[in-house]
Amino acid sequence: MTEHYRLATLEDAESLLAVTLDAYETIRALNIPFPAGHATLDVIQNNVTQHECYLLEEDGQIIATVTLDRAQDVRRQAISSYPFIRWFAVSPNHKGKGYGSRLLDWVEKEVILNKLDEPAVYLATATRHPWLAPMYERKGYTPFHTQVVQTPDASEEIVFMIKVLDPKRYHAQSVQTG
């Protein structure tokens, strides 16, 4: 079995939709209003064309996906200029086998650190989700900001978390901008 990491294409959209909806079942069950939990094919296609959507596949089957968002509106919301990770999903049939960790590690090292030359990355998750924030903390992410996000139907407290990938450069940037 061979693992392959790559940027998603529009041809992957239907498979990405299935993986995303299956993986976000817990989000829907908890009534957390994350768009990925209610994605449609159009939404997935827009995600692939407007952002950097990466995937891990094994023998041609998509196992996990994560999106890297560098949009300015996301940066303003979180008070950070670093790339933003979102829509992280692992097929439920493959959870607990390290696929998600390997994909996230690959994106952090190969894309964010080496390709984009960024010393840090951040993400956000719902504070009331029972295992997401602790999982990200185990992966080296540190909470730095919380805010309540309003949706048409509800409000949700979100915790923003950062992971420093290159401490020397991160500290130097903090000193220059701080």
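The present account deals with the structure reproduced in this document. Sequence order as written defines residue numbering, which begins from 1 separately in each chain. Where totals are concerned, whole chains, interfaces and linings use all residues; where local detail is concerned, this predicted model gives features only for residues with pLDDT of at least 70, and gives and counts side-chain atom pairs only at 80 or more. Only hydrogens and water are set aside; all other atoms, that is, all heavy atoms of the structure, feed into the side-chain values.

## Quick notes on helix 3 (residues 41–50)
- Along helix 3, the positions that sit buried rather than exposed are Ile44, Asn47 and Val48. Take helix 3 and look down its axis: the buried residues cluster within an arc of 95°, on one side only. In helix 3, the exposed residues that point more than 90 degrees away from the buried face are Asp42, Thr49 and Gln50.
- By definition in these notes, contact holds between two residues if any of their heavy atoms fall within 4.5 Å. Going along the chain from the N terminus, every DSSP run of H or I of four or more residues is numbered as a helix, and every run of E of two or more is numbered as a strand. For helix 3, the secondary structure elements touched by its buried residues are helix 1 (13–23), strand 2 (52–58), strand 3 (61–69) and strand 4 (84–90). The buried label goes to any residue with under 20% of its type's maximum accessible area, the exposed label to any with over 50%, and the partly exposed label to all in between, with areas taken from a 1.4 Å probe on protein chains only. Directions drawn from the helix axis to the C-beta atoms are what define this arc.

## Points about the sheet that holds strand 5 (residues 120–126)
- Strand order in the open sheet formed by seven strands is 1-2-3-4-5-7-6, with mixed pairing between adjacent strands. Edge positions in the sheet fall to strand 1 (3–7) and strand 6 (142–150), since each of these pairs with one other strand and no more. The average angle at which neighbouring strand axes cross in this sheet is 25°, direction not considered.
- Bridge count for strand 3 against strand 4 is five bridges, and the pairing is antiparallel. Here the rule is simple: two strands pair whenever DSSP picks up at least two bridges between them. Lines are fitted to the C-alpha atoms to define the axes, a helix being fitted only along its stretch in contact, and any angle between axes, read from their N-to-C directions, falls within 0 to 180 degrees.

## What about the layout of surface pockets?
- Taken as a whole, the largest pocket spans an internal volume of roughly 1,100 Å³.
- Cavities and pockets were defined on a 1 Å grid built over protein atoms only: a cavity is a set of grid points that admits a 1.4 Å probe from which the probe cannot escape, a pocket is an open set flanked by protein on both sides within 12 Å along at least five of seven lines, and lining residues are those with an atom within 4 Å of any such point. What lines the largest pocket is a set of 44 residues, and nearest its centre among them are Tyr24, Phe34, Arg86, Trp87 and Ala124.
- Listing elements by their share of the lining of the largest pocket, those giving two or more residues are helix 2 (25–29), helix 4 (72–78), strand 4, helix 5 (99–115), strand 5, helix 6 (132–138), strand 6 and strand 7 (155–164).
- If you tally residues by element for the lining of the largest pocket, the top one is strand 4, at seven residues.
- Only Asp, Glu, Lys and Arg are considered charged, only Ala, Val, Leu, Ile, Met, Phe, Trp, Tyr, Cys and Pro nonpolar, and every remaining residue, Gly among them, polar. Of the residues that constitute the lining of the largest pocket, the class distribution is 25 nonpolar, twelve polar and seven charged. Grid points are joined across faces, edges and corners, and a volume is the space filled by probe spheres set on the points.

## Side note on the nonpolar core
- To qualify as a nonpolar core, a set must consist of buried Ala, Val, Leu, Ile, Met, Phe, Trp, Tyr and Cys residues joined through side-chain atoms within 4.5 Å. Ile85 and Tyr136 are the most contacted members of the largest nonpolar core, which totals 53 residues.
- The residues contacting Tyr136, other than those within four sequence positions of it, are Phe88, Leu104, Leu123, Thr125, Tyr141 and Met161.

## A closer look at the packing of aromatic side chains
- Only the six-membered ring of Trp is used, alongside the rings of Phe and Tyr, when aromatic pairs are assigned; centres must lie within 6.5 Å, and planes under 30 degrees apart are stacked while those over 60 apart are edge-to-face, with the rest tilted. Summed over the entire model, instances satisfying the criterion amount to nine aromatic pairs.
- Centroid distance Phe84 to Tyr122: 4.9 Å. Interplanar angle 55°. Geometry classified as tilted. Of this pair, Phe84 sits in strand 4 while Tyr122 sits in strand 5, and the two are 38 residues apart along the sequence. No difference in accessibility class separates Phe84 from Tyr122, as the two residues are buried.
- Relative to Tyr141, the ring of Tyr136 has its centre 5.9 Å away and its plane inclined at 70°; by these criteria the two rings are edge-to-face.
- Ring pairing ties together the aromatic residues Phe84, Tyr122, Phe144 and Phe160, which thus form one cluster.
- Only Lys NZ and Arg CZ are tested; either one counts as a charge over a ring when it is within 6 Å of the ring centre and within 35 degrees of the ring normal. The side chain of Arg102 reaches across the aromatic face of Tyr99, ending 4.8 Å from its centre.

## Considering empty space enclosed by the protein
- This model, assessed by the stated rule, comprises one cavity of 30 Å³ or more.
- Within this model, the largest cavity holds a volume of roughly 50 Å³.
- Going through the elements one at a time, helix 1, helix 3 and strand 3 are the ones with two or more residues in the lining of the largest cavity.
- Taken together, the residues of the lining of the largest cavity break down into four nonpolar, four polar and no charged.

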